[in-house]
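# Tertiary structure, described
The primary structure of each chain is shown beneath.
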Amino acid sequence: MTFGAVMEESELLRQRREKIKSLKEMGVELFPNDFKVEHTSLEILQRYGDWSAEDLQGLEEIFSCAGRIMAIRDFGRAAFIHLQDRKGRIQVYLREDLLGEELFGLFKKLDVGDFLGVRGGLFRTKTGELTVEAALIKLLAKSFHPLPEKWHGLTDVETRYRQRYLDLAVNPKVRETFYRRSEIIKVMKEFLLQRDFLEVETPMMQPIPGGAVARPFKTYHKTLDMELYLRIAPELYLKRLVIGGLERVFELNRNFRNEGLSTQHNPEFTMLEFYQSYCTYEDLMTLTEEMIGEVALRVLGSYEITYQGVGLNLAPHWPRVTLREALVQYGGVDNSHNIVEDYLLAQERARNLGLEVEEGESHGEILVKIFEEVVEPKLIQPIFITEYPVEVSPLARRKNDAQEVTERFELFMVGREIANGFSELNNPEDQSERFRAQAAKRGGTDEEISLIDEGFLTALEYGMPPTAGEGIGVDRLVMILTDSPSIRDVIFFPQMRKKPDVSL
RNA sequence: GGGCCGUUAGCUCAACUGGUAGAGCAACUGACUCUUAAUCAGUAGGUUCGGGGUUCGAGCCCCUGACGGCCCA
């Protein structure tokens, strides 16, 4: 959709083009950049919000603010408008006798959606609203298209995602969600920085995608003549930094996984991953509940939150239950305690649940499948599930007194996995064996990468201090803390199919 | 990948059993110097997502495609 093409099609836009033409004929610049803004709407409202009408009359200060016109209430020779800036909205009163005929005539040509700069004093209207009385106005940017409706806003989800700028302009709640997202990320970073973590950046483009099991995106570097993968996780690089002696590092950045899209999945998503030497998975569970608790408290002002109508209590501390205990507790059948002991019973239970059990699948793997099917949806309040089987935890340290499970936990809330952490496997021989077992199992198909990051193994051979590491799904956490039902509500530009119309 | 639902004016939504596509907001013209979903009078605005079919007649039924949403794998 090009501008010209639209003009031919729409009566509405044809009228607006005529208006723009007459503005140009009046000598009005449509896109000047020399207006100086000195105040935000919020500054004005906060500083003078409680001043009486009489006090304001004595105030001689002139204010200068700007924003998008969101409403016009025209009375002929006077009008009220609302300007929206990054902090909120403020009302402006325009009178012909004060502005003069020329500027008032300019105002008459403006539309909802245009950007306007205003200078003037403050007064309080009869209905009590603090208002700027315009002594001077300046068009700052002309909108060639009408904005979505003022009352219902923009509800069409496709348009909201494809033209997020419109969503942000007219739906205050959307803006609030993204401001809150930024705040959450800020608090998480501050939390780690206070604990002497170093914020780092590691490669997005990796020759061997490691640190997780997922289908990667593939790309190609021309000069180096090599295939590269967008990372599915930063884990193996962050551990290299730990080996280098940095001891406490974190990276809050994007991962890419070439898999399905859903309300919980976007191909690129944000992960907070961090590593702390000389501590264990138990220390990280404590750190996690403290961090998320602090985020809730600082961003939302309370440990008690509501997600999609369900009350959650994020006050530390949260239960820690082993996977096996969880299966018994939430397994839903009388013999749940037996499936954790009996391989054949576990197989039978999985098949009864309609789960696929492949040839040679281990007891632990089957238990995890049953857990995901039966237990996960029931984990509403925050809870740590611990001691995952070693077969599904290729980078985690074995538990000292139980070699078939690992010092690993996952954090669940509202039936969703939010975080995954473990004491890191730092024995290079064990790590090498696990990589090779993993690779053998998955075969060598193009999609399922079975390459082994030998460079990482070499690094491990130089010695990695005992360390625990964790990843937190930032988008999912933000969803819960902003009461958002879909991951697309917390990502500005979620992935969409290409539209035939190239302009969107 | 499968199932279900959706796509109508710039936006938000109607349209009975297949029978002339409507409203509110926005826009345009006019009135109005304290409104806040301003008000009052009038006007204009449509490829009903695209393509094909059935029918005297299709927004509605059938086939097909695009895009989106939810659920499932």
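Here is what the cut-offs are and how they apply
- Residues numbered from 1 in each chain as written.
- Chains lettered and ligands numbered in written order.
- Predicted model: local features only at pLDDT ≥ 70, side-chain atom pairs only at ≥ 80, totals over all residues.
- Heavy atoms only, no water.
- Near = heavy atom within 4 Å.
- Polar contact = N/O pair within 3.5 Å; in protein donor to acceptor, adjacent residues only side chain to side chain.
- Helix = DSSP H or I, 4+ residues; strand = E, 2+ residues; numbered from the N terminus.
- Nonpolar A, V, L, I, M, F, W, Y, C, P; charged D, E, K, R; others polar.
- Pairing = 2+ DSSP bridges.
- Contact = heavy atoms within 4.5 Å.
- Axes fitted to C-alpha atoms, helices over the stretch in contact; angles between N-to-C directions.
- Core = buried A, V, L, I, M, F, W, Y, C linked by side-chain atoms within 4.5 Å.
- Buried < 20%, exposed > 50% of the residue type's maximum accessible area, 1.4 Å probe, protein only.
- Domains from an automatic or database assignment.

### Let's talk about the protein's contact with RNA strand B
Of all residues adjacent to RNA strand B, which total 43 residues, the nearest are Q15, K19, T127, K150 and E158. At 3.1 Å from a sugar or linking oxygen of RNA strand B is found a main-chain nitrogen or oxygen belonging to E149. Between RNA strand B and R497 there is a distance of 2.6 Å, counted from a phosphate oxygen to a backbone nitrogen or oxygen. Of all the secondary-structure elements, those providing two or more residues to the surface near RNA strand B are α2 (11-25), β1 (63-74), β2 (78-85), β3 (88-95) and α7 (157-162). Residue classes in the surface near RNA strand B are distributed as 14 nonpolar, eleven polar and 18 charged.

### Digging into the sheet that holds strand β19 (residues 416-423)
Within the open sheet, the eight strands sit side by side as β6-β10-β11-β20-β19-β18-β15-β14. Their pairing is mixed. Every interior strand has two partners, whereas the edge strands, β6 (198-199) and β14 (320-322), have only one. Sheet topology places strand β18 (residues 408-413) next to β19; six bridges connect them, and they run antiparallel. Following the sheet pairing, E410 is matched in β19 by N420. Contacts between helix α10 (residues 235-243) and the sheet are confined to β10 (248-256), β11 (268-277), β19 and β20 (467-473), with β11 contributing the most and set at about 25° to the helix. Sheet strands touched by helix α18 (residues 474-481): β10, β11, β18, β19 and β20. Its angle to β20, the strand with the most contacts, is close to 55°.

### Considerations on the environment of F435
Take F435: it is sitting in helix α16 (residues 428-442). Sequence separation between F435 and L457 is 22 residues; the distance between their C-alpha atoms is 9.5 Å. In this structure F435 touches L395, I452, F456 and L457, once residues within four positions along its chain are discounted.

### Notes on the nonpolar core
Of all hydrophobic cores here, the largest spans 44 residues; its most connected members are M188, L272, F274, M291 and L314. When residues of this core are assigned to their parent elements, the largest contribution, nine residues, is made by helix α11 (residues 281-300). Discounting chain neighbours no more than four positions away, the residues touching M291 are M188, F191, L192, L272, F274 and I472. Listed in part, the 30 residues of the second largest apolar core include V28, L59, L99 and L106.

### Some details on the domain arrangement of chain A
Under the domain assignment used here, chain A contains domain 1 (3-147), domain 2 (170-318 + 381-489) and domain 3 (319-376). Between the C-alpha centres of domain 1 and domain 2 the distance comes to 47 Å.

### Here's the deal with the environment of Y93
Counting through the fold element by element, Y93 comes out in strand β3. Sequence separation between Y93 and E433 is 340 residues; the distance between their C-alpha atoms is 75 Å. Excluding residues that lie within four positions of it along the chain, Y93 makes contacts with A78, A79, F80, F123, T131, V132, E133 and A134.

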